[in-house]
Amino acid sequence: MTHPFLDLAPLSAQHFAAIEARVAGLLATEQDVVIMQGEALLPLEGCIRGAARPGTTALNVITGPYGQTFGNWLRDCGATVVDLAVPFHTAVTAEQVRQAFAEHPGIDFVSLVHAEAATGNTNPVAEIGEVVREHGALFMLDAVASVGAEPLLPDAWGVDLCVIGAQKAMGGPAGVSAVSVSERAWQRIAANPQAPRRSYLSLLDWKERWIDGGRKALLHAPAQLEMLALEACVERIETEGLDALMARHATAAAATRAGALALGGGLEPYVYEARDAAPVATTLRAPSGTDASELVAKALAADPVLPLVAGGGALAKEMIRVNHYGPDATRGVVHACLAALGAAMGEAGLTVDLEAARRAVTQAWR
């Protein structure tokens, strides 16, 4: 018996390279783009372990849980780490980054998450990139959640290592990811004796054996299904138009925020200022006296496919996250999420206005 997921023609090196080129086009980058055969944590860790070493002084910006992970990897590499942490309900500013450089002039590496889906904030990368360029530091950006949901211009913003994943706004698979690498970053990694070599984490292996070899021979058997899914999702983005995709996410975020405020009952945006809120996901602060995880559980009991989750870890009791990304960045999904949350809040004895929420969402979508 044949099966469409199993009986596939081999994915050639030429086909693999063509998919890389389309991803590069999505990022509007002239830098080398490497597609890595794993979830985005693979290139994120590979970037840090490739670029950091004893003697590195790294500014690690923490606006959510991934920044904390990056700091752990940097310390494990022997780097001196300067953590710049801001409350999760806001975003970091370029001035805060500038002040960190003034206090620690030896900083030569900066790690930053563009949009934090887990906490619902997004950071002003273009402005921060200007500050990083002024000081000549290498700039690594986690753009896994932001790609496809908001502008992302690694070349124009001076990003040396830009990591993306397809599983959020792009609406694609989780099993492959990509990183754009500047010439400065390649030089930095090549000069690091601790950089992974002959390893699944190694960016250098891809540079020396794939890119420098003319992209003629793959390092190992490609994740074929995931690569084909990545190609399909890029094709879908090209058909819709990147600007239209970003506008859809921005509208979904604005509608969710407006609808939550109109719903009432004490529900409010977790990220205080709309300018700091990520278009990929909206986080909400559960009403006083309620448990976010319980409200989410009640909402999902009515409709288990809704993209609703409670905050992670210590945020589980206070944060509700609406993941309006990819195919879920639609008016119907936003309406359904707020209606389910409103019903759960009503069961908890809170006074809500479902019709006001519906009107607010509809108005925002216009």
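The rules behind the values
- Residues numbered from 1 in each chain as written.
- Predicted model: local features only at pLDDT ≥ 70, side-chain atom pairs only at ≥ 80, totals over all residues.
- Heavy atoms only, no water.
- Helix = DSSP H or I, 4+ residues; strand = E, 2+ residues; numbered from the N terminus.
- Rg over C-alpha atoms; globule rule 2.2 N^0.38 Å.
- Buried < 20%, exposed > 50% of the residue type's maximum accessible area, 1.4 Å probe, protein only.
- Areas by Shrake-Rupley, 256 points an atom, 1.4 Å probe, with all protein chains shown as cover.
- Lys, Arg positive; Asp, Glu negative; His and termini not counted.
- Charge placed at Lys NZ, Arg CZ, Asp CG, Glu CD.
- Phe/Tyr/Trp six-rings, centres within 6.5 Å; stacked < 30°, edge-to-face > 60°.
- Pairing = 2+ DSSP bridges.
- Axes fitted to C-alpha atoms, helices over the stretch in contact; angles between N-to-C directions.
- Contact = heavy atoms within 4.5 Å.

I keep staring at the overall build of the chain and nothing clicks. Help me out?
Along the backbone of the chain there are twelve helices and 13 strands. Taken over the C-alpha trace, the chain has a radius of gyration of 21 Å; the compact-globule value for 366 residues is 21 Å, and the two agree within 12%. For the chain, the C-alpha atoms occupy an extent of roughly 65 × 65 × 30 Å along the three principal directions. Burial analysis of the chain (366 residues in total) assigns 53% to the buried set. About 14,900 Å² of surface is accessible on the chain, with carbon and sulfur atoms providing 54% of the total. Positive and negative side-chain charges of the chain, numbering 27 and 40 respectively, have mean locations separated by a distance of 0 Å.

Sorry, what's going on with the packing of aromatic side chains here?
Each pair of aromatic rings is reported with the distance of its centres and the angle of its planes. Taken as a whole, this structure holds four aromatic pairs when the rule is applied. Ring geometry for tryptophan 206 against tryptophan 210: centres 6.4 Å apart, planes inclined by 85°, an arrangement best described as edge-to-face. Of the two residues, tryptophan 206 and tryptophan 210 are both situated in helix H7 (residues 203–211); the distance of four residues between them amounts to about one turn of the helix. The exposure class assigned to tryptophan 206 is buried, which follows from its relative accessible area of 4%. You can call tryptophan 210 buried: its relative accessible area is 0%.

Explain the sheet that holds strand E1 (residues 32–36) here, please?
Paired through their backbone hydrogen bonds, the strands of a sheet run either parallel or antiparallel. The mixed open sheet is built from seven strands, whose spatial order is E1-E9-E8-E7-E4-E2-E3. Edge positions in the sheet fall to E1 and strand E3 (80–85), since each of these pairs with one other strand and no more. Ignoring strand direction, the axes of neighbouring strands in this sheet form an average angle of 15°. Examined bridge by bridge, strand E7 (residues 138–142) and strand E8 (residues 161–165) share three bridges and lie parallel to one another. For leucine 141, the partnering residue across the bridge sits in E8 and is cysteine 162. On top of the sheet, helix H5 (residues 125–135) reaches strand E4 (109–113) and E7; it is set at about 160° to E7, its chief contact.

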